[in-house]
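The residues making up each chain are set out below.
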Amino acid sequence: MNLWRKPFDIDEKAPRPVKIHIDIDRCKGCGYCAEFCPRGVLKMTGELSYKGYDMVGVVDDGKCLGCGLCEAMCPEFGIYLIYEDKELK
Ligand code: SF4
Ligand code: SF4
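What comes next is a walk through the structure. Throughout, a residue's number is its position along its own chain's written sequence, starting from 1. Here chains are named by letter from A upward and ligands by number from 1 upward, in the order in which they appear as written. Two thresholds apply to this predicted model, a pLDDT of at least 70 for residue-level local features and 80 or more for giving and counting side-chain atom pairs, whereas whole-chain, interface and lining totals are computed over all residues.

### A word on the pairing of strand 3 (residues 54-58)
And step 1. A pair of strands counts as paired when DSSP detects no fewer than two bridges linking them. Counting from the N terminus, the helices are DSSP H or I runs at least four residues long and the strands are E runs at least two residues long. Bridge count between strand 2 (residues 42-48) and strand 3: four bridges; the pairing is antiparallel. By the bridge assignment for strand 3, M44 is matched with V56.
And step 2. Joining the antiparallel neighbours strand 2 and strand 3 is a turn of five residues, in which G52 adopts a positive phi near 90°.

### Quick word on the environment of G31
And step 1. Within the fold, G31 resides in the loop between strand 1 (18-22) and helix 2 (32-36).
And step 2. Judged by C-beta crowding, with 14 C-beta atoms within 10 Å, G31 ranks as partly exposed.
And step 3. Residues G31 and G66 lie 35 residues apart in sequence; the distance between their C-alpha atoms is 18 Å.
And step 4. Not counting chain neighbours up to four residues away, the residues in contact with G31 comprise M44 and V56. Here exposure depends only on C-beta density: within 10 Å of a residue's C-beta, 20 or more other C-beta atoms make it buried, 12 or fewer make it exposed, and intermediate numbers make it partly exposed, the C-beta atoms being placed from the backbone. Each residue is represented by a C-beta atom placed from its backbone, and any two residues with such atoms within 7 Å are regarded as in contact.

### Remarks on the site of ligand 1
And step 1. Only the C-beta atom matters for nearness: placed from the backbone, it must lie within 6 Å of the molecule or strand for the residue to count as near. Inspection of the region around ligand 1 gives 14 residues, with C37, V41, C64, C67 and C70 positioned closest.
And step 2. Each residue gets one of three labels, nonpolar for Ala, Val, Leu, Ile, Met, Phe, Trp, Tyr, Cys and Pro, charged for Asp, Glu, Lys and Arg, and polar for the others, Gly among them. Of the residues in the shell around ligand 1, the class split is 11 nonpolar, two polar and one charged.

### Some remarks on the nonpolar core
And step 1. With 15 residues, the main nonpolar core has C33, C37, L42 and C70 as its most contacted residues.
And step 2. For this core, the elements supplying multiple residues, two or more each, are strand 1, helix 2 and strand 3.
And step 3. The element best represented in this core is helix 2, accounting for three residues.
And step 4. Apart from the residues within four sequence positions on either side, C37 is in contact with L42, L69 and C70. As used here, a nonpolar core is made of buried Ala, Val, Leu, Ile, Met, Phe, Trp, Tyr and Cys residues. They are joined through C-beta atoms within 7 Å.

### Points about unusual backbone geometry
And step 1. One non-glycine residue with positive phi stands out, namely F77, at about 55°.
And step 2. Structurally, F77 is set in the loop between helix 3 (69-73) and strand 4 (79-83).
And step 3. F77 gets classed as exposed once you count the C-beta atoms within 10 Å, which come to 10.

See below:
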């Protein structure tokens, strides 16, 4: 007998496929998104943008949970997610 039961909200909480976009016109290189990402998906690259700010990069988007924390933390609206399963919702 299978005793394991799925949590009722598993579909709601499951990682969603997303594409992470960084807007280099807006990013000021503060590093909040990289610091607070729970999965280490983002990292400061040490390279300078054309405005002279340290640029953030996506190091492993396969680990991304689609939680949206990076988007919520960014004070410059410089990072955003596009949910690839949007049409299914
Ligand atoms: S959505 Fe969440 S897991 Fe993905 S990069 Fe942003 S903070 Fe990290
Ligand atoms: S939080 Fe926003 S401004 Fe700061 S490094 Fe990330 S994308 Fe750039």
